[in-house]
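Structural features, examined
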Amino acid sequence: MQLHEDIHNYYEKFVLEEIINRKLNEQYTDDVMADFCCTVLNQLPARYIRSDVDMAYYLSQTERMHMQQRVQTAIDVAISQIAKKKPQHEQ
């Protein structure tokens, strides 16, 4: 077993989806995005899984919505923190 390949935090999926939806990856450099993702994920509980398919099957719609709301809140906090520390790159 290789931990980094076989197991991951399910919140990562929600974070990446929200980053893409908000087009944050187009606003910040890769270096800033790495700090940003750490800031977001450190605000969220760990939800380690082996398979996204299994998690999607067992996750209720209510729980999924709650997780997405937590991610949105964490991203809002991270945006305010990162904006104070790092310049945005030119578009």
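- Per an unreviewed UniProt entry, the protein chain goes by Orphan protein and derives from Pseudoalteromonas translucida.

1. Comments concerning the packing of helix α2 (residues 11–22) against helix α5 (residues 61–85)
- Between α2 and α5, the least distance of the axes is 10 Å, while the angle of their chain directions is 60°. Regarding the angle of α2 to α5, the classification is oblique. Crossing handedness for the pair α2 and α5: right-handed. Contact residues: α2 offers Tyr11, Phe14, Val15, Glu17, Glu18, Ile19 and Arg22, while α5 offers Arg64, Met67, Gln68, Arg70, Val71, Gln72, Ile75, Asp76 and Ile79.

2. So, the nonpolar core
- The biggest cluster of nonpolar side chains holds 22 residues, and the ones touching the most others in it are Ile19, Phe36 and Val40.
- Counting only elements with at least two residues in this core, the list comes to α2, α3 (30–43) and α5.
- Among the elements that take part in this core, α5 stands out by supplying six residues, more than any other.
- For isoleucine 19, the contacting residues outside a window of four places in its chain are Leu24, Asn25, Met33, Phe36, Cys37 and Ile75.

3. Regarding the packing of aromatic side chains
- Under the criterion given, the structure shown has four aromatic pairs.
- Ring geometry for tyrosine 28 and phenylalanine 36: centres 6.4 Å apart, planes at 15°, overall stacked.
- By relative accessible area, phenylalanine 36 is classed as buried at 1%.
- A network of ring pairs unites the aromatic residues Tyr10, Tyr11 and Phe14 as a single cluster.

4. Looking at unusual backbone geometry
- A positive phi angle, close to 60°, is found at lysine 23, a residue other than glycine.
- Here lysine 23 shows up in the loop between α2 and α3.
- Judged by relative accessible area, which is 48%, lysine 23 ranks as partly exposed.

5. Digging into the side chain of glutamate 18
- Secondary-structure assignment places glutamate 18 in helix α2.
- Overall, glutamate 18 belongs to the buried group, its relative accessible area being 14%.
- Ignoring any residue separated from it by four or fewer positions in sequence, one finds glutamate 18 in contact with Val71, Gln72 and Ile75.

6. Quick word on the pattern of salt bridges
- Enumeration over the complete set of coordinates arrives at three salt bridges.
- Note that arginine 22 is salt-bridged to aspartate 76, the shortest N-O span being 2.7 Å. Taken as a pair, arginine 22 in helix α2 and aspartate 76 in helix α5 lie far apart in primary sequence, 54 residues in all.
- Looking at arginine 22, the relative accessible area reads 25%, which means it is partly exposed.
- Between arginine 47 and glutamate 63 there is a salt bridge, and its shortest N-O distance comes to 2.7 Å. In this pair, arginine 47 is assigned in the loop between α3 and β2 (48–49) and glutamate 63 in helix α5, connecting sequence segments 16 residues apart.
- Given the relative accessible area of 29%, arginine 47 is considered partly exposed.
- On the basis of relative accessibility, which here comes to 29%, the residue glutamate 63 falls in the partly exposed class.
- Each of the salt bridges in this network shares a partner with another, and the network as a whole consists of Glu18, Arg22 and Asp76.

What counts and what doesn't
- Residues numbered from 1 in each chain as written.
- Predicted model: local features only at pLDDT ≥ 70, side-chain atom pairs only at ≥ 80, totals over all residues.
- Heavy atoms only, no water.
- Axes fitted to C-alpha atoms, helices over the stretch in contact; angles between N-to-C directions.
- Helix = DSSP H or I, 4+ residues; strand = E, 2+ residues; numbered from the N terminus.
- Parallel < 35°, antiparallel > 145°, perpendicular 65-115°, else oblique.
- Left-handed = near helix turned anticlockwise from the far one by under 90°.
- Contact = heavy atoms within 4.5 Å.
- Core = buried A, V, L, I, M, F, W, Y, C linked by side-chain atoms within 4.5 Å.
- Buried < 20%, exposed > 50% of the residue type's maximum accessible area, 1.4 Å probe, protein only.
- Phe/Tyr/Trp six-rings, centres within 6.5 Å; stacked < 30°, edge-to-face > 60°.
- Salt bridge = Lys/Arg side-chain N within 4 Å of Asp/Glu carboxyl O.

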